[in-house]
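# A closer look at the structure
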Amino acid sequence: MNIILLGPPGAGKGTQARMLETKYGMTQIATGDMLRASIKRGEPLGLEAKKLMDAGKLVPDELMIRMIDECISKGNCAKGFILDGFPRTVPQAEALDAMLARHKLKLDHVILMEVDEAALVERLAGRFSCRKCGASYHESYHRPADEGVCDSCGATDFVHRPDDRPEAVQKRFEVYRQQTAPILPYYRRKGILETINGMGEMDAVARQIETIIAV
Ligand code: AP5
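A short tour of the structure in this document, coming up. (Residues numbered from 1 in each chain as written. Predicted model: local features only at pLDDT ≥ 70, side-chain atom pairs only at ≥ 80, totals over all residues. Heavy atoms only, no water.)

## Observations regarding the pattern of salt bridges
A side chain of one charge can pair with a side chain of the opposite charge if their charged atoms are brought near each other. Enumeration according to the criterion identifies 16 salt bridges in this entry. Linking Arg36 and Asp33 is a salt bridge whose minimum nitrogen-to-oxygen distance equals 2.8 Å. With a gap of three residues between them, Arg36 and Asp33 both fall in helix H2 (residues 31-40), about one helical turn apart. Here Asp108 makes a salt bridge to Lys106, at a shortest N to O gap of 2.6 Å. Judged by relative accessible area, Asp108 falls into the partly exposed class, the value being 22%. Given a relative accessible area of 53%, Lys106 falls into the exposed group. The network of salt bridges with common partners includes Arg127, Arg161, Asp163, Asp164 and Arg172. (Salt bridge = Lys/Arg side-chain N within 4 Å of Asp/Glu carboxyl O. Helix = DSSP H or I, 4+ residues; strand = E, 2+ residues; numbered from the N terminus. Buried < 20%, exposed > 50% of the residue type's maximum accessible area, 1.4 Å probe, protein only.)

This is the structure we're talking about:
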């Protein structure tokens, strides 16, 4: 099964994609994580993207489309994929359709996670992640089981994302409203867009997604 998780910054797309990956073996394709990995490796693509990301702006469509095309072409999504962070513009959505047609794949569900802006601000302000493996946490909602020690890799060094600074967060909200929200009618017209309430606890949100994908 192939799905897209859509929603504003902090809606919980990454959290839910990782839960689906663990439970159902689908492959999470997270463009933000891929870009951050490229920055960490010091690649030219990452360095080009970093300035835009830190300012809360989008990376150019052609770079992102090429990145997803390479990923889908590898063909290692046997149990399907969960796109998290792509598409983010109408040209990206159109390019994705063309790619899927070329690979004889189809989209099963596009799921929009709705969360109030005040809750989004709180989620992003409290988010931190493991410097070594990137596992994501929240100061109030998801702390490591052993305080100060990453659940996934045991490292003890944590970081905040540069784009979770308040100025960058406001820019990301603006970019979401102006450039990403226009893809909602695109998928609504295709009849595959479903909306869930992303305000509940993580398990409650996961149950709503599972109800949709079980259909
Ligand atoms: P990206 O990394 O994709 O960021 P985003 O879309 O802004 O999403 P986030 O990762 O901030 O949030 P999320 O919805 O995944 O929430 P999460 O699960 O972490 O992109 C970053 C940048 O890369 C972009 O700004 C752009 O520059 C560039 N980029 C990426 N893709 C691109 C593309 N296609 N085109 C162009 N540029 C692109 O949850 C947030 C926090 O809340 C966590 O701490 C979590 O623990 C907590 N939380 C999650 N769910 C709940 C819950 N139900 N209740 C309470 N807390 C919760």
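## Brief notes about the site of the ligand
Near the ligand you find 33 residues, and of these Thr15, Lys57, Arg88, Arg127 and Arg172 are the closest. Here Thr31 contributes a side-chain N or O atom positioned 2.7 Å from a nitrogen atom of the ligand. Note that a nitrogen atom of the ligand is positioned 2.8 Å from one of the backbone N or O atoms of Gly85. With the chains in place, 97% of the 1000 Å² that the ligand exposes on its own is no longer accessible. Of all the secondary structure elements, the ones that give two or more residues to the shell around the ligand are helix H1 (13-24), H2, helix H6 (117-125) and strand E6 (136-138). (Near = heavy atom within 4 Å. Polar contact = N/O pair within 3.5 Å; in protein donor to acceptor, adjacent residues only side chain to side chain. Areas by Shrake-Rupley, 256 points an atom, 1.4 Å probe, with all protein chains shown as cover.)

## Points about the sheet that holds strand E3 (residues 81-84)
Pairing in this open sheet of five strands is parallel, and the strands run E2-E3-E1-E4-E8 from one edge to the other. Each end of this open sheet is capped by a strand with a single partner; those strands are strand E2 (27-30) and strand E8 (193-197). Shown here is a sheet whose adjacent strand axes are inclined to one another by a mean of 25°, direction ignored. Here four bridges tie E2 to E3, and the two strands are oriented parallel to one another. What sits directly across from Gln28, in E3, is Ile82. In the packing of H1 onto the sheet, contacts are made with strand E1 (3-6), E2, E3 and strand E4 (109-114), and the angle to E3 comes to roughly 170°. (Pairing = 2+ DSSP bridges. Axes fitted to C-alpha atoms, helices over the stretch in contact; angles between N-to-C directions. Contact = heavy atoms within 4.5 Å.)

It is worth stressing that arrangement in space is one thing and function is another; only the former is reported here.
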